[in-house]
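Tertiary structure, described
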Amino acid sequence: MRTNKEKLPVISVSGTVWHPKGGAAGRITADGGVVWLTGTGGITYNAQIGDPCIGWAADHLEPGVSARNKDDEINQAFTILSCVGNEAKIRSGDAKGETGVVTGKHGGCEHLILHFAAETLEKLNIDDTISVKATGQGLELLDYPEIKTRNVSPALLEKMNIQEDGGRLKIGVAKIVPAKIMGSGLGHTSTARGDYDITMFDDETVEKYNLSNLRFGDIVAITDADTRFGRSYKKGACTIGVIVHGNSFIAGHGPGVTTLLTSKEPFIEPFLDENANLSEWF
């Protein structure tokens, strides 16, 4: 598949391992309860890409390492320019020199989520500096101008199960999700950062689409979803994204999806592929 990857800059952006934040008042659940649970931020030792993103005693759990820049304006560049599949390198602390990969972006808290080997996590500390070789924004599929890329590195694009078929792309995904159950993140005008959530409160729909075993790092299709310039319902549209954080007990929230590829018209045809997960490739 022809792209313009040779024309994409590769630029260094930097953040630090970010401490979790907590709310003294807890969180109101969709059923009217109050919970005090692990949420976003920090180093999560026992949840990584390839692991289930549902069932944790947590809310919006971020697998692996959560990173951010303390300067909000610089953090915009850190989270927007970094793309899923970019190489990340630790620049300070006991794990200095070890490398990992960007696995997602979490809106609201504006975190970049990264994967490192388990032995590296043991050496990492809060506030350690991480740099990313950022490249991917501006990537074009030269023979498919109707399909727009967001947040996908050339390295990831080349690993995905994509088949060219008469002007369309057939793309292997772990799950196919209907746009009708997408929640938090709707209304945002940029999909070059952040994510939006799959709501998991309707048991019949969860069972119908086999969503109860979603994993961190799963590549998913959202049908009838146009996420080129914001996030909109559009019949025939399709978005391909990646699961970046865990489930939620809060109304309108759930596992988060960062956009990778999207088309307003039916130029993307997803098909099920149980191996469509970042852990298979990185």
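Residues numbered from 1 in each chain as written. Predicted model: local features only at pLDDT ≥ 70, side-chain atom pairs only at ≥ 80, totals over all residues. Heavy atoms only, no water.

1. Description of the packing of aromatic side chains
What the rule picks out here adds up to 0 aromatic pairs. Sitting over the ring of Trp18, Arg68 keeps its end group 5.6 Å from the ring centre. Positioned above the aromatic ring of Phe282, the side-chain terminus of Lys159 is 5.6 Å from the ring centre. (Phe/Tyr/Trp six-rings, centres within 6.5 Å; stacked < 30°, edge-to-face > 60°. Lys NZ or Arg CZ within 6 Å of the ring centre and 35° of its normal.)

2. What to know about the side chain of Thr103
Tracing the backbone through its elements, the reader meets Thr103 in strand β7 (residues 99–106). The exposure class of Thr103 is buried, given its relative accessible area of 3%. When residues no more than four places from it in sequence are discounted, the contact partners of Thr103 are Ile49, Val84, Ile113, Leu114, His115, Val242, Val244 and Leu278. (Helix = DSSP H or I, 4+ residues; strand = E, 2+ residues; numbered from the N terminus. Buried < 20%, exposed > 50% of the residue type's maximum accessible area, 1.4 Å probe, protein only. Contact = heavy atoms within 4.5 Å.)

3. Some details on the pattern of salt bridges
The tally for this structure, following the rule as stated, stands at 11 salt bridges. Notably, a salt bridge pairs Arg2 with Asp143, separated by 2.8 Å at the nearest N-O pair. With Arg2 in the segment before β1 (11–17) and Asp143 in the loop between β9 (129–134) and β10 (147–149), the pair connects residues that are 141 residues apart, well separated along the chain. By relative accessible area, Arg2 is classed as partly exposed at 48%. A relative accessible area of 38% places Asp143 in the partly exposed class. A cluster of three or more residues bridged by salt bridges with shared partners is formed by Asp165, Arg168, Lys170 and Glu269. (Salt bridge = Lys/Arg side-chain N within 4 Å of Asp/Glu carboxyl O.)

4. A word on a nonpolar patch on the surface
On the surface, Ile28, Val34 and Trp36 cluster together into a nonpolar patch covering about 340 Å² of accessible area. Secondary-structure assignment places Val34 in strand β3 (residues 34–35). A residue is classified by how much of its surface remains accessible, and Val34, at 38% relative accessible area, is partly exposed. (Patch = residues over 30% accessible without salt bridge, like charges linked within 9 Å, V, L, I, M, F, W, Y side chains within 5 Å. Areas by Shrake-Rupley, 256 points an atom, 1.4 Å probe, with all protein chains shown as cover.)

5. Overview of helix α1 (residues 72–81)
Listed as buried for α1 are Asn75, Phe78 and Thr79. Relative to the axis of α1, the buried residues are bounded by an arc of 85° and lie together on one face. On its buried face, α1 sits against β1, β5 (64–68), β7, β8 (111–115) and β9. With a side-chain oxygen positioned 2.9 Å from the backbone nitrogen of Glu73, the residue opening α1 is Asp71. (Arc of directions from axis to C-beta. Polar contact = N/O pair within 3.5 Å; in protein donor to acceptor, adjacent residues only side chain to side chain.)

6. Topic: the sheet that holds strand β19 (residues 268–272)
With mixed pairing, the 3 strands of this open sheet are ordered in space as β11-β12-β19. Here the strands that pair on one side only, and so sit at the sheet edges, are β11 (162–165) and β19. The mean angle between the axes of side-by-side strands here comes to 25°, regardless of whether they run parallel or antiparallel. Note that β11 and strand β12 (residues 168–173) share 4 bridges and pair antiparallel. (Pairing = 2+ DSSP bridges. Axes fitted to C-alpha atoms, helices over the stretch in contact; angles between N-to-C directions.)

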